[in-house]
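Residue-level structural notes
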Amino acid sequence: RAKTGGRNGIRFFDPEMQASVSARTALESELRRAIREKQFVLHYQPQVDAGGRLTGAEALLRWQHPTRGLVFPDNFISVAEETGMIVGLGRWVLETACEQLAAWAKRPETAHLSLAVNVSAGQFRQTDFVNRVLETVRQSGADPLRLKLELTESMLLDDIEDTITKMQAMKHHGLSFSLDDFGTGYSSLAYLKSLPLSQLKIDRSFVTDVHTDPNAAAIAKTIVFLAQSLGLTVIAEGVETEVQRRFLDENGCRDYQGYLFSRPLPLDEFERFTVKREE
Ligand code: C2E
Ligand code: MG
Ligand code: MG
Ligand code: MG
């Protein structure tokens, strides 16, 4: 594995290759094959409350590449989106997540957990998206009340009528929605109140700089206040230090996700983590 930087430290095409057409074509065909052969796995990153109790997880996609090892989403999600492959990939993610949620419901130490799943714009815009989601939930036997879809600002504002219709239909069946990477998109506060959201997720960039950059601190505080005012919960992503956690706690944030608590874990490690927490 080449450790050449990138958000997760792994990048399997260097920037020059990435720019070249042939590398892009190769990646596309490998990705197509990977979807066909299901070379993917979900990792689960714990989410905890103010008392440090485990409340759920975010499902994060990884590609188990036959020769390159574990490949992180930043290396292939955008290509999957541009080529439309995200639709098939997203279906697999949702099916796998729902099956996992249904399995957790059967065990006392995991029965209380919720699971958050990332959704791309190309997936959400599919005309049969709502029916697919509801059918997947139904077939898996997962409790829709424990399934949370993570959406982003830009994808929602793209066609606000369609967005509201779809979200309301899913909410009606018990699903809830978290606004991911909040604060980085085109924050259109006017739309925020018309969307049936249940949670804002403070983007990692603000959390990271919370005690070094007064502006980041101000934004983080404002997001917490905004969530409270709108009757939404708020979770901070990318919490890495106790200082960050304390700042957020002092400003009313009650839910956290980040390396301070745990990295995203393969299923078996996540399940060990849940048992450990209960002891
Ligand atoms: P995201 O949804 O904002 O997910 C959070 C990302 O931050 C994850 O990166 C996670 O590993 C990372 N992270 C969590 N805590 C910390 C921390 O304390 N410090 C640092 N430095 N990073 C932290 P990951 O897993 O590489 O995913 C990157 C992005 O790829 C996700 O950002 C999401 O936009 C996308 N993605 C991941 N899985 C899926 C999926 O199943 N479907 C779709 N459509 N997108 C996905
Ligand atoms: Mg997310
Ligand atoms: Mg996020
Ligand atoms: Mg983010």
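The text that follows walks through the structure, step by step, so that each part is easy to find. Just so it is clear, the structure is predicted and the values come from calculations on it, not from any experiment. (Residues numbered from 1 in each chain as written. Chains lettered and ligands numbered in written order. Predicted model: local features only at pLDDT ≥ 70, side-chain atom pairs only at ≥ 80, totals over all residues. Heavy atoms only, no water.)

All right, on to the packing of aromatic side chains then. Two aromatic rings, taken as a pair, are described by how far apart their centres are and by the angle between their planes. Enumeration according to the criterion identifies nine aromatic pairs in this entry. Their ring planes at 50 degrees and their centres at 6.2 Å tell us that Phe40 and Trp92 sit as a pair that is tilted. Placement of Phe40 in strand E1 (residues 40-49) and of Trp92 in helix H4 (residues 86-105) is noted, with a sequence separation of 52 residues between them. Assessed through its relative accessible area of 16%, Trp92 is described here as buried. Ring geometry for Tyr256 versus Phe261: centroids 6.0 Å apart, planes at 20 degrees, classification stacked. What makes Tyr256 buried here is its relative accessible area of 0%. Phe261 gets classed as buried once you look at its relative accessible area, which sits at 17%. (Phe/Tyr/Trp six-rings, centres within 6.5 Å; stacked < 30°, edge-to-face > 60°. Helix = DSSP H or I, 4+ residues; strand = E, 2+ residues; numbered from the N terminus. Buried < 20%, exposed > 50% of the residue type's maximum accessible area, 1.4 Å probe, protein only.)

Now for the coordination of the magnesium ion (ligand 3). Bound to the magnesium ion (ligand 3) on the protein side are Asp180 (OD), Asp181 (OD), Glu237 (OE) and Glu237 (OE), at distances that span 2.0 to 2.8 Å. One chain supplies every donor for the magnesium ion (ligand 3), spaced along it as D-D-x55-E. The distance between the magnesium ion (ligand 3) and the magnesium ion (ligand 2) comes to 3.7 Å, with Asp180 serving as a donor to both metals. With a relative accessible area of 7%, Asp180 lands in the buried category. (Donors = N, O, S within 2.8 Å, 3.2 Å for Na, K, Ca; no water.)

What follows deals with the packing of helix H6 (residues 129-140) against helix H8 (residues 160-172). In the contact formed by H6 and H8, the axes pass within 10 Å of each other and the chain directions differ by 15 degrees. As summarised for this structure, H6 and H8 are arranged roughly parallel, according to the angle between their axes. Here H6 runs over H8; the crossing is right-handed. Note on element contacts: H8 touches H6 through Lys166, Ala169 and Met170, opposite Phe129, Val130 and Val133. Considered class by class, the residues forming the contact of H6 with H8 number five nonpolar, no polar and one charged. (Axes fitted to C-alpha atoms, helices over the stretch in contact; angles between N-to-C directions. Parallel < 35°, antiparallel > 145°, perpendicular 65-115°, else oblique. Left-handed = near helix turned anticlockwise from the far one by under 90°. Contact = heavy atoms within 4.5 Å. Nonpolar A, V, L, I, M, F, W, Y, C, P; charged D, E, K, R; others polar.)

Moving on to the pattern of salt bridges. What the rule picks out here adds up to 17 salt bridges. With its nearest N and O atoms 2.8 Å apart, the salt bridge here joins Glu82 to Arg24. Of the two residues, Glu82 sits in helix H3 (residues 77-83) while Arg24 sits in helix H2 (residues 21-36), which places them 58 residues apart along the sequence. Taking the shortest distance from any N to any O, the salt bridge between Arg68 and Glu30 comes out at 3.0 Å. Here Glu30 lies in helix H2 and Arg68 lies in the loop between strand E2 (54-65) and strand E3 (69-71), a separation of 38 residues in the sequence. Note on Glu30: relative accessible area 21%, which makes it partly exposed. Via salt bridges that share partners, Arg125, Asp158, Asp162 and Lys166 belong to a single interconnected network. (Salt bridge = Lys/Arg side-chain N within 4 Å of Asp/Glu carboxyl O.)

Going through the model one piece at a time under the given rule, you end up with two cavities of 30 Å³ or more. Of the voids in this model, the largest cavity is the one considered here, and its volume is about 90 Å³. Lining the largest cavity we find Val87, Gly90, Arg91, Leu94, Gln123, Gln126, Asp128, Phe129, Arg132, Val133 and Thr136. Of all the elements in the fold, those that place two or more residues in the lining of the largest cavity are H4 and H6. The class makeup of the residues in the lining of the largest cavity is four nonpolar, four polar and three charged. Counting only elements with at least two residues in the lining of the second largest cavity, the list comes to helix H7 (153-157), strand E6 (176-182) and helix H9 (189-192). Broken down by element, the residue count for the lining of the second largest cavity peaks at three residues, all from H7. (1 Å grid on protein atoms, 1.4 Å probe; cavity = no way out; pocket = protein on both sides within 12 Å on 5 of 7 lines; lining within 4 Å. Points joined across faces, edges and corners; volume = space filled by probe spheres on them.)

Note that all results are geometric; they support no functional claim without further evidence.
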